[in-house]
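Summary of the model geometry
Spelled out from the first residue to the last, the chains are:
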Amino acid sequence: MAKIRTCLFGLGHMGKNHLRVLQEDARFELVAVVDPVTDALPTTASAVPLHKHLPDDLTFDLAVVAAPTELHYSLVTKLLEAGHNVFVEKPAASTEGQARDLVALAEKKGLKLAVGNIERCNPVVGALRGVIQSGILGRLVHLNGLRAGGFPRNVKPGNNVILDLGVHELDLFRMFLGPLDIVHGVGHCTQTSSIYDAAEISVRSKKGVTGTVHVNWLTPQRMRSIRVTGSEGLCLVDYIQQTCELHGHNLSKKNTPFQRLKWTTDAQGLDSTSVPVAQKESLKEQLDQLHLYLSGEAHILAVGAELIESVSLVEQAEKQVASAHVLPFHDPKSGH
Ligand SMILES: NC(=O)c1ccc[n+]([C@@H]2O[C@H](COP(=O)([O-])OP(=O)(O)OC[C@H]3O[C@@H](n4cnc5c(N)ncnc54)[C@H](O)[C@@H]3O)[C@@H](O)[C@H]2O)c1
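Definitions and cut-offs
Residues numbered from 1 in each chain as written. Predicted model: local features only at pLDDT ≥ 70, side-chain atom pairs only at ≥ 80, totals over all residues. Heavy atoms only, no water. Helix = DSSP H or I, 4+ residues; strand = E, 2+ residues; numbered from the N terminus. Rg over C-alpha atoms; globule rule 2.2 N^0.38 Å. Buried < 20%, exposed > 50% of the residue type's maximum accessible area, 1.4 Å probe, protein only. Contact = heavy atoms within 4.5 Å. Lys, Arg positive; Asp, Glu negative; His and termini not counted. Charge placed at Lys NZ, Arg CZ, Asp CG, Glu CD. Core = buried A, V, L, I, M, F, W, Y, C linked by side-chain atoms within 4.5 Å. Near = heavy atom within 4 Å. Polar contact = N/O pair within 3.5 Å; in protein donor to acceptor, adjacent residues only side chain to side chain. Areas by Shrake-Rupley, 256 points an atom, 1.4 Å probe, with all protein chains shown as cover. Axes fitted to C-alpha atoms, helices over the stretch in contact; angles between N-to-C directions. Left-handed = near helix turned anticlockwise from the far one by under 90°. Nonpolar A, V, L, I, M, F, W, Y, C, P; charged D, E, K, R; others polar. Pairing = 2+ DSSP bridges. Expected span 1.5 Å × (residues − 1). Parallel < 35°, antiparallel > 145°, perpendicular 65-115°, else oblique.

1. A short note on the overall build of the protein
Helices and strands together make up the secondary structure of the protein, namely seven helices and 16 strands. Rg of the C-alpha trace for the protein: 21 Å, near the compact-globule value of 20 Å for 336 residues, within the 12% margin. Taking all 336 residues of the protein together, 49% fall into the buried category. Within the protein, contacts between residues separated by at least 24 positions form 66% of all contacts whose residues are at least 6 apart in sequence. Of the charged side chains in the protein, 33 are positive and 35 negative, and the gap between their average positions amounts to 3 Å.

2. Concerning the nonpolar core
By size, the foremost hydrophobic cluster in this structure holds 49 residues, and its most contacted members are Val131, Phe176, Ile226, Val228, Cys235, Cys244 and Leu246. With ten residues, the single largest contributor to this core is helix H5 (residues 161-177). Excluding residues within four positions of it along the chain, phenylalanine 176 makes contact with Val125, Leu128, Arg129, Ile132, Leu143 and Ile226. Residues Phe9, Val31, Val34 and Val115 belong to the second largest nonpolar core, which totals 30 residues.

3. Structural notes on the site of the ligand
In the region of the ligand, 27 residues are neighbours, and Met14, Asp35, Thr69, Lys90 and Arg153 sit closest. A distance of 3.0 Å separates a nitrogen atom of the ligand from a polar side-chain atom of glutamate 89. Contact with the protein chains removes 79% of the 850 Å² of surface that the ligand exposes when unbound. Among the secondary structure elements, those contributing two or more residues to the shell around the ligand are helix H1 (13-24), helix H2 (72-81) and H5.

4. Things to note about the environment of proline 276
Within the fold, proline 276 resides in the loop between strand E15 (270-274) and helix H6 (282-294). Sequence spacing of proline 276 and alanine 324 is 48 residues, and the spatial spacing of their C-alpha atoms is 41 Å. When residues no more than four places from it in sequence are discounted, the contact partners of proline 276 are Ala127 and Leu261.

5. With respect to the environment of glutamine 241
Position of glutamine 241 among the secondary structure elements: in the loop between strand E12 (234-238) and strand E13 (243-249). C-alpha separation for the pair glutamine 241 and serine 225, spaced 16 residues apart in sequence, amounts to 9.3 Å.

6. Quick look at the packing of helix H4 (residues 123-134) against H5
Running from N to C, H4 and H5 point in directions that differ by 30°, and their axes come no closer than 11 Å. Between H4 and H5 lies a crossing whose hand is right-handed. Listed contacts from H5 to Val125, Leu128, Arg129 and Ile132 of H4 are Leu172, Met175 and Phe176. When its residues are assigned to classes, the contact of H4 with H5 shows six nonpolar, no polar and one charged.

7. Things to note about the sheet that holds strand E5 (residues 85-89)
Within the open sheet, the seven strands sit side by side as E3-E2-E1-E4-E5-E6-E16. Their pairing is mixed. The open sheet is flanked by strand E3 (50-51) and strand E16 (302-303), the only strands paired with a single partner. With four bridges joining them, strand E4 (residues 62-65) and E5 adopt parallel strand pairing. Residue pairing across strands places leucine 62 opposite asparagine 85, the latter belonging to E5. Across the sheet, H1 touches strand E1 (4-9), strand E2 (28-34), E4 and E5, and the angle it forms with E2 is around 150°. Packing of H6 onto the sheet brings it into contact with E1, E2, E4, E5, strand E6 (113-116) and E16, and relative to E2 it is tilted by some 105°.

8. Focus: H4
A rise of 1.5 Å per residue sets the reference length of H4, with its twelve residues, at 16 Å; its end C-alpha atoms lie 17 Å apart and thus fit the reference within 8%. Where H4 is buried, its residues meet strand E7 (140-148), H5, strand E11 (223-230), E12, E13 and H6. Looking one or two places after H4, you find glycine 135, whose phi comes out positive at around 85°.

9. A closer look at the packing of H2 against helix H3 (residues 96-109)
Remark: H2 packs on H3, axes separated minimally by 10 Å, with the N-to-C direction vectors making an angle of 10°. Of the possible angle classes, the one that applies to H2 and H3 is roughly parallel. Taking contact as the criterion, the partners of Tyr73, Val76, Thr77, Leu80 and Glu81 in H2 are, on H3, Gln98, Asp101, Leu102, Leu105, Ala106 and Lys109. Of the residues assigned to the contact of H2 with H3, the class counts are six nonpolar, two polar and three charged.

Everything listed is a geometric property; what it means functionally is a separate question.
Laid out in structure tokens, this is it:
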């Protein structure tokens, strides 16, 4: 496959990461960056034209969109209309209806459209999938996801922590458990009166497995983890450290691919081990997966119905949160 001529839209926090991995990858040729505000490339970047607006005569095969979430729908629509394949940062759009429109437009135009639900590409998620599929945990009972910290610098009305962080967890829960119902949600607006910055969402799979997602932008340190509880054991995954631990009575004796690992057993007879994880930057794995997708090969990115579903689960959770009791916003200036 020829080099993929790529134009990057948005050179903020996430755009700079995309710039770095795109410039390091010989399969992609970054031909331009478009950002109406940012004036300079990072000092570590190789030279590439930086435009305030997309030049009319620029030709490229792929647009990578890392602009603010509230612009995804209009920007991606324009790029698809103009005949470009698009990789858009998460969330693909702000509502299920918008996500449906984008997928339908890409299909109509015969173009590729994928969303950067990046945690899918975290190698530790591959390890967790292996654990779940092996059956070592027994019958799956409950998933508990925690994604906290990292208040975004520019939050606009319309965005919220469920859309920004919850989308990762809900997308992964769907991947592990199949179709989901949102059972319940509660949330808080602590920093502004209209934007949820903390929320808890309960889900249930068609097979009856339950899950809870806690997301907040408030915790000072970034925490990203998942606990998977089965009838016979527990798997603890840290997405940042890329660690995956197994705990349970007699797990080491089970005939599974994990039997050959080094296990410890404590005084209560609880077996524990660490599942090896091939350490890799998720963003680089995501680029590998994007290349597979563009080449027409099997990949793990969220596209089509899965892209829509990741936004639809968020929207259902937002509705639950909006109709539930929420701690009232206390304006610190008002003194009560
Ligand atoms: N995958 C992840 O883990 C992850 C992490 C952080 C952010 N994100 C996503 O990346 C997107 C950007 O977030 P961010 O934190 O980088 O925001 P940011 O505010 O740091 O950067 C956004 C940039 O887009 C530019 N921009 C504004 N309008 C534009 C336009 N019309 N065309 C091109 N550029 C435009 C802004 O000037 C800014 O430089 C969001 O959708 C966010 O959800 C994903």
